[in-house]
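# Fold and contact review
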Amino acid sequence: MQFRSGSREEPEINLIPFIDILLVVLIFLMLTTTYSKYTELQVNLPVADAEQPREYPREIIVSVGQDGRYAVGGQVLESASVEALVRALQQAADGSREPVVIISADAAATHQAVVNVMDAARRTGLNQITFATQQARGR
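Structural notes, computed from the coordinates.

Parameters at a glance
- Residues numbered from 1 in each chain as written.
- Predicted model: local features only at pLDDT ≥ 70, side-chain atom pairs only at ≥ 80, totals over all residues.
- Heavy atoms only, no water.
- Pairing = 2+ DSSP bridges.
- Helix = DSSP H or I, 4+ residues; strand = E, 2+ residues; numbered from the N terminus.
- Contact = heavy atoms within 4.5 Å.
- Axes fitted to C-alpha atoms, helices over the stretch in contact; angles between N-to-C directions.
- Expected span 1.5 Å × (residues − 1).
- Buried < 20%, exposed > 50% of the residue type's maximum accessible area, 1.4 Å probe, protein only.
- Core = buried A, V, L, I, M, F, W, Y, C linked by side-chain atoms within 4.5 Å.
- Parallel < 35°, antiparallel > 145°, perpendicular 65-115°, else oblique.
- Left-handed = near helix turned anticlockwise from the far one by under 90°.
- Salt bridge = Lys/Arg side-chain N within 4 Å of Asp/Glu carboxyl O.

## Points about the sheet that holds strand β5 (residues 128–131)
Remark on secondary structure: sheet strands pair via backbone hydrogen bonds, oriented parallel or antiparallel. With mixed pairing, the five strands of this open sheet are ordered in space as β3-β2-β1-β4-β5. With one partner strand each, in any of the chains shown, β3 (75–76) and β5 form the two edges of the open sheet. Looking at chain direction, strand β2 (residues 70–72) and β3 are connected through two bridges and run antiparallel. Bridging from a neighbouring strand, Val72 pairs with Gln75 of β3. Against the sheet, helix α2 (residues 82–92) makes contact with β1 (59–64) and β2, and its axis sits at roughly 15 degrees relative to β2, the strand it touches most. Its contacts with the sheet place helix α3 (residues 111–124) against β1, β2, β4 (100–105) and β5, and it is angled at close to 170 degrees to β4.

Below you can see the structure in the form of structure tokens.
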């Protein structure tokens, strides 16, 4: 029998192609997460299943339209500013002791329009605020 004598070569692992593939995957992940769209979140508001609404003896109903217009107690305001809301709320609350502000906002109304009503109520000193909703259909 004849055996080979001499140096034995050790296997070598080449890491350069592996590093290239990892860099390509890293670049792909960075590009896809950067351009993802967070504005496509679907939110449908307001619908709530709750007990029958309580009757408030002193209530001020503030309606917020889809286009950002306001109505306080059924009277449409000419201006959509917070100052106009403050004046209208002061007139509606005149003589009432701790009235409740009921915000009846359209489901498509902007968040800022609802926050403006809350800010106007805070400036007027009206601390009790609630939201009007409708029951879900099919129940």
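## Here's the deal with α3
It helps to recall that an α-helix has 3.6 residues per turn; residues three or four apart then point in one direction. Taking 1.5 Å per residue, 14 residues should reach 20 Å; α3 reaches 20 Å between its end C-alpha atoms and fits that length. Taken as a whole, α3 has its buried residues at Ala113, Val114, Asn116, Val117, Asp119, Ala120 and Ala121. Next to the buried residues of α3 lie β1, β2, α2, β4 and β5. A positive phi of about 95 degrees marks Gly125, the residue just after α3.

## Structural notes on the nonpolar core
Most often, soluble globular proteins have nonpolar side chains that are buried together. Within the largest apolar cluster, 21 residues are counted, with the highest numbers of intra-cluster contacts made by Val62, Val72, Leu85 and Leu89. Elements represented by at least two residues in this core include exactly β1, β2, α2, β4 and α3. Apart from residues lying up to four places away in sequence, Val62 is in contact with Ala71, Val72, Leu85, Leu89, Val101, Ile102, Ile103, Ser104 and Val117.

## Some words on α2
Among all positions in α2, only Val82, Ala84, Leu85, Val86, Ala88 and Leu89 are buried. Its buried side turned inward, α2 meets β1, β2 and α3.

## Overview of the packing of α2 against α3
Between α2 and α3, the shortest axis-to-axis distance is 9 Å and the interhelical angle comes to 55 degrees. In terms of axis orientation, α2 runs oblique to α3. Viewed along their axes, α2 and α3 form a crossing whose handedness is right-handed. Taken together, the residues of α3 that come into contact with α2 (itself represented by Val82, Glu83, Leu85, Val86, Leu89 and Gln90) are Asn116, Val117, Asp119, Ala120, Ala121, Arg123 and Thr124.

## Regarding the pattern of salt bridges
With the rule as written, the count across this model stands at four salt bridges. Across the pair Arg123 and Glu83 runs a salt bridge, and its minimum N-O distance is 3.7 Å. Of the two residues, Arg123 is situated in helix α3 and Glu83 in helix α2; the sequence distance between them amounts to 40 residues. Between Arg123 and Asp119 there is a salt bridge, with the nearest N and O atoms lying 3.3 Å from each other. Remark: Asp119 and Arg123 occur in helix α3; sequence separation between them is four residues, near one turn of the helix. Arg123 gets classed as partly exposed once you look at its relative accessible area, which sits at 45%. Within this structure, Glu83, Asp119, Arg122 and Arg123 form a network of salt bridges that share partners.

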